[in-house]
Amino acid sequence: MHIVLFFVSCFLGLFFILYSEKVSIKWVRKSFKIYSLGFMVTALFAGYLYINQHKAVFSTFSDKMFNTATVTKAAGAPDTMLSPLTIRESVRLSAPQINQLPELPRGCEVTSLAMLLQYSGIEVTKSELANQVPRDNTHYRKTKEGTFFGNPHKGFVGDMYSYNTPGYGVYHGPIAQLAAQYVGVERVHDFSGENFSQIIDQLNQNRPVWVIINAEYRELPEDQFTTWQTEDGPIQITMKEHSVLVTGYDEKFIYFNDPLNRTDKAPINDFKEAWIQMGKQAITVF
């Protein structure tokens, strides 16, 4: 309704502006200009209301429109990957729901990958992936210089099977490497570091997206992060690190399959900020 009012008001305002120049009677010309001003103000107000009601979608759309970075087409990726972003009213994909518990208390990443691969027609279990995921076997130790542990960019850090011993998780690089063992390198699209709009683009093409997020699905305060030392230097981590499979969106929410089965959606902007905070990690399969 607001968008209709916007266009009608714009048309009438423009009509009175143009027609007033053809009127010789001063008071009529002045009245027409007042009418045109009123309709233009109405158009601006209607436009504001419409954008405010759809601000989540406009925020996602703006990521694509104002992104100045060059998007590189992955090897084997279909040409539609670089097509202009389309914002739909709603996208919901039916991917398998798999619970990481009780077998994998820290196995959210491989469980989300199992959902993605099964959606793509690959018969593989979370336990198989847990056995095969690359690992960083650095031992946990705490000294006066700080905490020393593994690097999740190199492999899974610590114990995936129990909370009784130290452990953390794994990031996109080793997960993409593991996925490639099942579908081939040419079918794995690791677009970590790109804009959030690329997640929307993949969903539009019926591809769920594996992501690293946090267990709150919103940006975390700084006190939820800590620094530990690795062989590659210091890294910041949070014990609220989590992974889900994104399966859809609408004007207000991002939908996902959570390996912990706690919820299936979160507000778009909250989820986006949490995803950015965790390093913009995202993978899908063609």
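None of the values given here were measured: they were computed from a predicted structure.

A. Here's a closer look at the overall build of the protein. Broken down by element type, the protein carries eight helices and 13 strands. Considering the protein as a whole, with its 286 residues, one finds that 46% of them fall into the buried category. Restricting to contacts in the protein with at least 6 residues of sequence separation, those with at least 24 account for 65%. Accessible surface for the protein amounts to roughly 14,900 Å². Of this, 57% is attributable to carbon and sulfur atoms.

B. Region of the structure containing the nonpolar core. Ranked by size, the top nonpolar core spans 39 residues in total, and within it V110, L113, L117, L129, V133, I175 and W210 carry the most contacts. Elements supplying a minimum of two residues to this core: α4 (108-119), α5 (126-132), β5 (156-157), α6 (172-183), β7 (209-214), β9 (233-237) and β13 (282-285). For V133, the residues in contact, after removing those within four places along its chain, are V110, F156, M160, V170, I175 and L178. In this structure, L93, F196, F271 and A282 belong to the second largest nonpolar core, which totals 22 residues.

C. Quick look at the packing of aromatic side chains. One pass over the structure, following the stated rule, counts eight aromatic pairs. When the centroid spacing of 5.5 Å and the interplanar angle of 25° are considered together, the rings of F256 and F271 count as stacked. On the criterion of sequence distance, the pair formed by F256 in strand β11 (residues 253-257) and F271 in helix α8 (residues 268-277) is long-range, its members being 15 residues apart. As far as the burial class goes, F256 and F271 line up, both buried. Taken together, Y140, F149, Y168, Y171 and W228 form an aromatic cluster joined through their ring pairs. The ring of Y255 carries R92 above its face, with NZ or CZ at 3.7 Å from the centroid. When the ring centre of F253 is taken as reference, the NZ or CZ atom of K265 above it lies at 4.4 Å.

D. Quick peek at the environment of Q181. Here Q181 is to be found in helix α6. The class of Q181 is partly exposed, set by a relative accessible area of 48%. Along the primary structure Q181 and Q132 are separated by 49 residues, whereas in three dimensions their C-alpha atoms are 9.6 Å apart.

E. Fine view of the pairing of β13. What you see with β13 is no split at all: A282 and T284 on one side and I283 and V285 on the other are buried throughout. Relative to β13, strand β6 (residues 188-190) is paired through three bridges, and the arrangement is antiparallel. In the strand pairing of β13, V188 is matched with V285.

F. Summary view of α8. Turning to α8, its buried residues number three or more, namely I268, F271, K272, A274 and W275. Buried residues in α8, looked at end-on, bunch into an arc of 165°, giving them a common side. At the C-terminal side of α8, G279 shows a positive phi close to 100°.

G. Looking closely at the side chain of Q205. By the element assignment, Q205 lies in the loop between α7 (197-204) and β7. Given a relative accessible area of 18%, Q205 falls into the buried group. A distance of 3.2 Å separates polar atoms of two side chains, one belonging to Q205 and the other to R207.

Rules of the game
Residues numbered from 1 in each chain as written. Predicted model: local features only at pLDDT ≥ 70, side-chain atom pairs only at ≥ 80, totals over all residues. Heavy atoms only, no water. Helix = DSSP H or I, 4+ residues; strand = E, 2+ residues; numbered from the N terminus. Buried < 20%, exposed > 50% of the residue type's maximum accessible area, 1.4 Å probe, protein only. Contact = heavy atoms within 4.5 Å. Areas by Shrake-Rupley, 256 points an atom, 1.4 Å probe, with all protein chains shown as cover. Core = buried A, V, L, I, M, F, W, Y, C linked by side-chain atoms within 4.5 Å. Phe/Tyr/Trp six-rings, centres within 6.5 Å; stacked < 30°, edge-to-face > 60°. Lys NZ or Arg CZ within 6 Å of the ring centre and 35° of its normal. Pairing = 2+ DSSP bridges. Arc of directions from axis to C-beta. Polar contact = N/O pair within 3.5 Å; in protein donor to acceptor, adjacent residues only side chain to side chain.

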